[in-house]
Amino acid sequence: MTAIDHPAVTLDPEEARRLRQERLERIGRWLLPLAIMILAIWLWDRICVWNDIPKYILPRPGVVLQTLHDDAGLLFSSLLVTLKITFLSLALAVVGGVGLAVLFAQSKWVEMSFFPFAIVLQVTPIVAIFPLINIYVDNQTTKLLLCAWIVAFFPILSNTTLGLNSVDRNLRDLFKLNGATRWQQLRYLRLPAAMPYFLGGLKIAGGLSLIGAVVAEFVAGATGQSSGLASRIIEAGYRLNAPRLFAALILISLTGILIFLVLSLISHLILRRWHESALKQER
Amino acid sequence: MKFEKVAQAPVAASGQGSTLLALRDVGKVFSNGVTALSDVNLTIREGDFLSLLGPSGCGKSTALRLIAGLSTPTSGLLDWRGSGSFDRSDIGFVFQEPTLLPWADVFDNVWLPLRLKGVSRARAAPAVMEMLARVHLTGFENAVPRELSGGMKMRVSIARAMVTKPRVLLMDEPFGALDEITRFKLNNDLLELWQGERFTVVFVTHSVFESVFLSNRVVVMAARPGRVFREFAVEAPYPRDEAFRTSPAYAALCRQASDVLIGAINSTAGSHHDGH
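Residues numbered from 1 in each chain as written. Chains lettered and ligands numbered in written order. Predicted model: local features only at pLDDT ≥ 70, side-chain atom pairs only at ≥ 80, totals over all residues.

Trainee: Hey, could you run me through the overall build of chain A in this one?
Mentor: In terms of helices and strands, chain A carries 10 helices and zero strands. Its helices and strands in sequence order give chain A the pattern α-α-α-α-α-α-α-α-α-α, from N to C terminus. When the backbone C-alpha atoms are referred to their principal axes, chain A occupies close to 75 × 70 × 30 Å. Here chain A holds 283 residues, and 34% of them are scored as buried. Contacts spanning at least 24 positions in sequence make up 75% of the contacts within chain A whose residues lie at least 6 apart. (Helix = DSSP H or I, 4+ residues; strand = E, 2+ residues; numbered from the N terminus. Buried ≥ 20, exposed ≤ 12 C-beta atoms within 10 Å, placed from the backbone. Contact = placed C-beta atoms within 7 Å.)

Trainee: Would you take a moment to explain the overall build of chain B for this structure?
Mentor: Per the secondary structure count, chain B includes eight helices and nine strands. Here the C-alpha atoms of chain B give a radius of gyration of 19 Å, agreeing with the 19 Å that 2.2 N^0.38 yields for 276 residues. The C-alpha extent of chain B, read off along each of the three principal axes, is 55 × 45 × 40 Å. Relative to its 276 residues, chain B shows a buried fraction of 40%. (Rg over C-alpha atoms; globule rule 2.2 N^0.38 Å.)

Trainee: What's the story with the sheet that holds strand β4 (residues 75-79) of chain B in this structure? I'm lost.
Mentor: Two orientations exist for strands paired in a sheet by backbone hydrogen bonds: parallel and antiparallel. Residue and element names in this part refer to chain B. Strand order in the open sheet formed by three strands is β2-β1-β4, with antiparallel pairing between adjacent strands. The sheet is open, and its two edges are formed by β2 (35-45) and β4, each paired on a single side. Looking at each pair of strands side by side, their axes are set apart by 10° on average, direction ignored. Judged from the four bridges that link them, strand β1 (residues 19-29) and β4 form a sheet pairing that is antiparallel. The residue bridging G27 from the neighbouring strand is S75, located in β4. (Pairing = 2+ DSSP bridges. Axes fitted to C-alpha atoms, helices over the stretch in contact; angles between N-to-C directions.)

Trainee: Looking at this structure, how should I read the sheet that holds strand β5 (residues 91-94) of chain B?
Mentor: Residues and elements named next belong to chain B. Pairing is mixed across the open sheet formed by six strands, whose spatial order is β5-β6-β7-β3-β8-β9. The open sheet is flanked by β5 and β9 (227-233), the only strands paired with a single partner. Taking each pair of neighbouring strands and ignoring which way they run, the sheet shows an average axis angle of 15°. Sheet analysis places strand β3 (residues 49-53) next to strand β7 (residues 200-205), joined by five bridges and oriented parallel. If you follow L52 over to β7, its bridge partner there is V204.

Trainee: It is not clear to me how the interface of chain A and chain B should be interpreted in this structure. Could you clarify?
Mentor: A common way to state how big an interface is: give the accessible area lost once the parts meet. On the chain B side, the residues contacting the 14 residues of chain A number 15 residues. Elements represented by at least two residues in the side of chain A that touches chain B include exactly α7 (169-177) and α8 (182-221) of chain A. In terms of residues, the side of chain A that touches chain B owes the most to one element, α7 of chain A, which gives six residues. Taken together, the residues that form the side of chain A that touches chain B break down as six nonpolar, four polar and four charged. (Nonpolar A, V, L, I, M, F, W, Y, C, P; charged D, E, K, R; others polar.)

Trainee: How do you make sense of the pairing of β7 of chain B when you look at a structure like this?
Mentor: Along any regular strand the residues' side chains alternate between the sheet's two faces. All names here are of chain B. Of all six residues making up β7, six are buried, and the element is well covered by its neighbours. What you see with β7 is no split at all: T200, V202 and V204 on one side and V201, F203 and T205 on the other are buried throughout. Examined bridge by bridge, strand β6 (residues 168-172) and β7 share five bridges and lie parallel to one another. Bridged to L169 within β7 is V201. Traced from β6 through helix α5 (residues 180-197) to β7, the parallel crossover comes out right-handed. (Right-handed = clockwise from strand over helix to strand, strands pointing away.)

Trainee: I'm lost on the pairing of β9 of chain B in this one. Help?
Mentor: Residues and elements named next belong to chain B. Bridging between strand β8 (residues 217-222) and β9 involves six bridges; their strand directions are antiparallel. In the sheet register, V220 faces β9, and the bridge partner there is R230. Adjacent in sequence and paired antiparallel, β8 and β9 are bridged by four residues, among which R224 carries a positive phi angle near 50°.

Trainee: Sorry, what's going on with the domain arrangement of chain A here?
Mentor: Assigned domains within chain A: domain 1 (3-50) and domain 2 (61-278). Of note, the centres of domain 1 of chain A and domain 2 of chain A, computed from C-alpha atoms alone, are 34 Å apart. (Domains from an automatic or database assignment.)

Trainee: How do you make sense of unusual backbone geometry when you look at a structure like this?
Mentor: With glycine set apart, most residues show a phi of negative sign, and most peptide bonds adopt trans. Residues and elements named next belong to chain B. Following R224, the chain continues into P225 via a peptide bond in cis, with omega recorded as -5°. When you line up the elements, P225 lands in the loop between β8 and β9. With an omega of -5°, the peptide bond running from Y238 to P239 counts as cis. Tracing the chain through its elements places P239 in the loop between β9 and α7 (242-245).

Now the structure itself:
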């Protein structure tokens, strides 16, 4: 119970100050970033005006917004292409990452044997692998998917593996005592226990799959084979169409933010009842 | 929580039940060379409330894990022959910590042992609800563990261990982490449960007072190597209640038990200089 529920209670100065502080913080959490953002955009606009910067070098925010509106058809259809790759690769990363983690959890030997390969795949820069993929894979979508998947699946795999292995010893004994089968232990104990870890990995993978998709398009787009947002950016760069370049960039980062927020929300909804990470700080 | 008193006939202190389990010359040596148990001989009778009392490192938890089948003895044997047909599902285990599934609510936690045996939620419900009533947790079915106090979590843990109606309940210092008021209350409730059904309890503790209050037999163990030091019967009738806890008879029994325990501690070579 906070004092808000009991307005009749008189607070001593210390508690009153604390309450005021809390209110201020609650408001400030939203207001401050917003204010800074607006200030930054305003400053951007002023710099363009003060220095007479031509719009093919640095367009004013208003121009970018106008472009976003005028080129909406082109930009959003490209966004759709990028999103398709992003979500497909994220879905495949979830399936592949969780699937491999479950496989690893079945036996220490399997994990010891194959985990290093996953690390090799993760640490090799995707841009460097892409030319190879380009040679071996014909289908354009498959190419991009493979690229984005390689980038996105590792955090899910490593987090889920960690989660599956972090089950309380006593709980494991309890399942053993009750004669639980392997499958029951996985279904009722290890998978739920791994959930917070998996969701943490998913949040990272969500961002990475977008990055993977865009990077893949960039590399592919250099040869004019892609129609995603990245190729719009390259195209706009060639034509010195800075406003469109900025508009595409803004779309990409908004998409990234949206993906992060949605995944955070999902994570919160799943964990809110029991996991420490989703609980409000108690004093 | 209301404490309901069930009408119970006074029961003789020393159980006269048939032998359920005999440990014969049981020894356990861990892979790191530590001898956890050496030549343990112990008879557990049907209906016993038997406490394993001893300092830390005397192997009482190891003995419990051996009985549970979570670990196998290095030497000697566990003889279940006196028990008729006996299998793992006849054992309930209560850990030192509540050891609940944090993501599952109270109902699902208590349902778990039945669920693992393939009993559906609907079919398990009567048994689960009855068990929750018996540990005084009716109305908390939908709470998750973090919403419960330490004592309530332990009640859930006991309900889970008892929901399969086991013949033996093994308890590994279950109330060690609780405050005294809660511990007393759980002691009373545990005795009430036990007297209702007369299952067998093997209770590990390092508290003289707890072991004397609860059990009809106390086995005092000594450390390095873990072994049985002495065994004695607690000659006080059941039901034991708050009046018993403050009676001179209880104090005298505690004194006796305490003397035996001190003997056990002193019997360990080098224990006088041992700070840890």
